[in-house]
Amino acid sequence: MVLNPVISKLSGKLVVLASASPRRLEILNNAGLRLQVVPSWFKETLDKGLFKAPHEYAVETARQKALEVARRMPFKHLKTPDIVIGADTIVTLDGMILEKPVDKDDAYRMLSRLSGKEHSVFTGVAIVLCHEKENEEVDYQLIDFYEETKVKFADLSENMLWEYINSGEPMDKAGGYGIQALGGMFVEYVHGDFLNVVGFPLNHFCKQLDLIYNSSTSSSDQESSTVWLSHNGNHATSNLTQPSSANHTHHIQSSPSASPVHKVKRKSSETELSESSMTLVNSLSKHTGDKDSPNTTLPLMTSRGQVKEPEDGEPQKKDLQRLCDLLDGFRASKALFTASKMCVFDVLHSRPGGLEAAQVAQEIKASLKGTECLLEACVSLGLLRSKERMYENTDMSTCFLLSDAPFSLRSHILHYNDTVWPIFSHLESGVLEGVSQRDKALSQTSKDQDTLHSSQDSKLRFMNAMHNIAKVTGKAIATAFDLSSFRTACDLGGCTGAMADEFTKAHPGLSVTIFDLPTVVQLREHFQPLHTDNRVSFVAGDFFKDDLPKADLYILARILHDCSDEKLDILLSKIADACTPGCGLLLSEIFLDEDRKGPSRGLLQALGMGEGKQRSATEYSLLLKSHGFITAHVRHTGNLLDAMLCIKA
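Quick look at the structure, then. Nothing here was measured: the structure is a model prediction, and the numbers come from that model. (Residues numbered from 1 in each chain as written. Predicted model: local features only at pLDDT ≥ 70, side-chain atom pairs only at ≥ 80, totals over all residues. Heavy atoms only, no water.)

The next thing to look at is the packing of helix α8 (residues 317–327) against helix α9 (residues 329–341). Running from amino to carboxyl end, α8 crosses α9 at an angle of 45 degrees, the nearest separation of the two axes being 4 Å. Viewed along their axes, α8 and α9 adopt a mutual orientation that is oblique. Residues D325, L326 and L327 of α8 touch α9, and the partners they reach there are G329, F330 and R331. In terms of residue class, the contact of α8 with α9 is built from three nonpolar, one polar and two charged. (Axes fitted to C-alpha atoms, helices over the stretch in contact; angles between N-to-C directions. Helix = DSSP H or I, 4+ residues; strand = E, 2+ residues; numbered from the N terminus. Parallel < 35°, antiparallel > 145°, perpendicular 65-115°, else oblique. Contact = heavy atoms within 4.5 Å. Nonpolar A, V, L, I, M, F, W, Y, C, P; charged D, E, K, R; others polar.)

What follows is the structure in structure tokens.
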């Protein structure tokens, strides 16, 4: 057996499984490995929308689990492991990852979709080798891979489905079934490693261990990559030869740089502390700041588990920096607002090669001192760059901050400055009273509040802000799902039609009607150049009061979070009444994490104390279910808004 030559080399080594799965432990124990189980604290909140393929998500999750345990054990368990094994198994159908079901109805939806179809089971595996050095430092060597197994379900009857669901077995398993138990009765065939479906690809893992400990004897030219993470935060790659196999179904990640989350940074203190302390930075995880989360900085330590506290009670540098960033956050926002309002980015774009502060001051009609301070602040925020006192836009500013850029957010930024900023200056009153401070805030920024709210200019400013967001988010939402079964759509509150344009581009067989207030439809002429496609049309009306246009698919983008419970019931009841079975409802909002710890953008938006509520995907799903809609797909797009497709039952 492949593993036998390795067993003796693991004798006396501390091998750790970073998983609480009894199935993985049993598989490895049966192979002769004796392990210590240390479940990972890593919270599986990576944004799936940012991964090009499902297996990349599984591999990255496995990496994060293994690295978290490898870094935690020296100070928490007072010992450094020799090997840490992390794994993550996912079920996918048509490229969509199926999570563990949240309830029996969710399990039914999952298993119904799997009925009669072939699906894929991916397991990502990460192996971290910890190499202790004489100077109390540790080098971490990371090897990862994945395995894919194809599974075909037979056609399942309703009675069989519900008998299995009521057994309780689906509730803690990805995809809603366990092939090694009752779920095995659904399986028509398995192509690939059976144990991979159970939870761990033993054959591939054994080959990888053989590769690690006996790499000099291998003769194949197929290569995998190993990554060294040293105490100074750098990594280097070295190649290991991978033995070939006729049934080889896996692919090796070539290096951690291919992943947007694989970063290691060194954290140090101004006191004389070991520089081997590191923090794992997970830019895709939505949790930051949770004391139990591995995505936060670990206590300063040596590799041998000696925790070193700051001397003389000094605060840890990272905590102080984090707090200072929060304290200065409002200044950074206002610097962005001011530079945008004064057209600094447009001025710099008009003069390739950059401008001096004096030239910018002249163009924006501001003082030299004030302009210099503003430009320097923008450089520190990454909005501008400077060289020899010449200032120019960064790529980010060119993309998002120019007035005429295709994905300009300038009008949205000005909306934040003119409307959101004044409201949040009354946040204390909002928290005390539990109601929006909009009227109070805006009445103090305009002598004539009625004029502010009713003037054509103010309406156009608001429409421009919504237009900006629709342009930036539209393509991600329009392409989130296969909508080929729908022929007509109605975008409720579709404003300028920018979102509708993206839907017609992505789906040639779809026509879209924008249903919005008469004043909005009347002002659409200011955005008319966008609508040369006769598949985009406008209808004036109030979706709370008037009959809705007939359509196969209704689109609600950034609508529900702003509605009171009463308005939600009115709107969703009207949509449900307009829909026949099989009609769709596409919802786009910021989806909160299920534990409501993020993302901060959605939770901060809720502080506006509007009459609506921010919700998680599950909460939205239950809300729509109460009006007869069954959630078919949920997609975290990686953009500013997420998406959910529901079908009328």
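Taken together, the buried positions of helix α2 (residues 22–30) are R24, I27 and L28. Along α2, the residues classed as buried sweep out an arc of 90 degrees about the axis, all on the same side. Turned more than 90 degrees away from the buried face of α2 sit P22 and N30, all of them exposed. Residues of α2 that are buried make contact with β1 (15–17), β3 (83–93), α6 (194–198) and α7 (202–213). (Buried < 20%, exposed > 50% of the residue type's maximum accessible area, 1.4 Å probe, protein only. Arc of directions from axis to C-beta.)

On to the sheet that holds strand β13 (residues 384–387), then. Read from one edge to the other, the open sheet built from three strands follows the order β12-β14-β13, with strand pairing classed as antiparallel. Sheet topology places β12 (355–356) and β13 at the edges, where each strand pairs with a single neighbour. Where helix α12 (residues 368–380) meets the sheet, it contacts β13 and β14 (390–393), and its direction lies at approximately 110 degrees from that of β13. (Pairing = 2+ DSSP bridges.)

This paragraph deals with the nonpolar core. Counting 42 residues, the largest nonpolar core has L28, I85, Y177 and F205 as its most contacted members. In contact with I85, not counting residues within four places along its chain, are V15, V16, L17, A18, L28, L35, A66, V125, A126, F200 and F205. L548, L556, I559 and L624 belong to the second-largest nonpolar core, a separate cluster that totals 29 residues. (Core = buried A, V, L, I, M, F, W, Y, C linked by side-chain atoms within 4.5 Å.)

In the segment running from G598 into P599, the intervening peptide bond is cis, with an omega of -10 degrees. Mapping P599 onto the fold places it in the loop between β19 (584–589) and α22 (600–606). Of note in this structure, R596 is not a glycine but carries a positive phi near 60 degrees.

On the secondary structure map, K48 appears in the loop between β2 (36–37) and α3 (54–76). Along the chain, K48 and M96 lie 48 residues apart, while their C-alpha atoms are 9.5 Å from each other.

Looking at where H415 falls in the secondary structure, it is placed in helix α14 (residues 410–424). Take H415: its relative accessible area is 17%, and that puts it in the buried class. Residue contacts for H415: discarding those within four places in its chain leaves V420, F462 and A465.

This paragraph deals with the packing of aromatic side chains. For any pair of aromatic rings, the description rests on two quantities: the centre-to-centre distance and the angle between the ring planes. A complete count under the given rule lists ten aromatic pairs for this structure. Three or more aromatic residues joined by ring pairs make a cluster, and in this case those are F153, Y164, Y177 and F186. R72 extends its terminal NZ or CZ atom over the ring of W41, reaching a point 3.9 Å from the ring centre. The cationic tip of K334 hangs over the ring face of W421; the distance from NZ or CZ to the ring centre is 4.9 Å. (Phe/Tyr/Trp six-rings, centres within 6.5 Å; stacked < 30°, edge-to-face > 60°. Lys NZ or Arg CZ within 6 Å of the ring centre and 35° of its normal.)

A surface patch of nonpolar side chains, amounting to about 270 Å² of accessible area, comprises M160, L182 and M185. Structurally, the position occupied by M160 is in helix α5 (residues 158–166). (Patch = residues over 30% accessible without salt bridge, like charges linked within 9 Å, V, L, I, M, F, W, Y side chains within 5 Å. Areas by Shrake-Rupley, 256 points an atom, 1.4 Å probe, with all protein chains shown as cover. Salt bridge = Lys/Arg side-chain N within 4 Å of Asp/Glu carboxyl O.)

Our next topic: the sheet that holds strand β16 (residues 511–516). Read across the open sheet, the seven strands follow the order β17-β16-β15-β18-β19-β21-β20; overall the sheet is mixed. The open sheet has two edge strands, β17 (536–540) and β20 (629–635), and neither has a second partner. Within the sheet, the average angular offset between the axes of one strand and its neighbour, ignoring direction, is 20 degrees. Two elements, strand β18 (residues 553–557) and β19, share five bridges in a ladder whose sense is parallel. Following the sheet pairing, I555 is matched in β19 by L586. This element, helix α23 (residues 617–625), spans β19, β20 and β21 (642–648) of the sheet and lies at about 25 degrees to β21.

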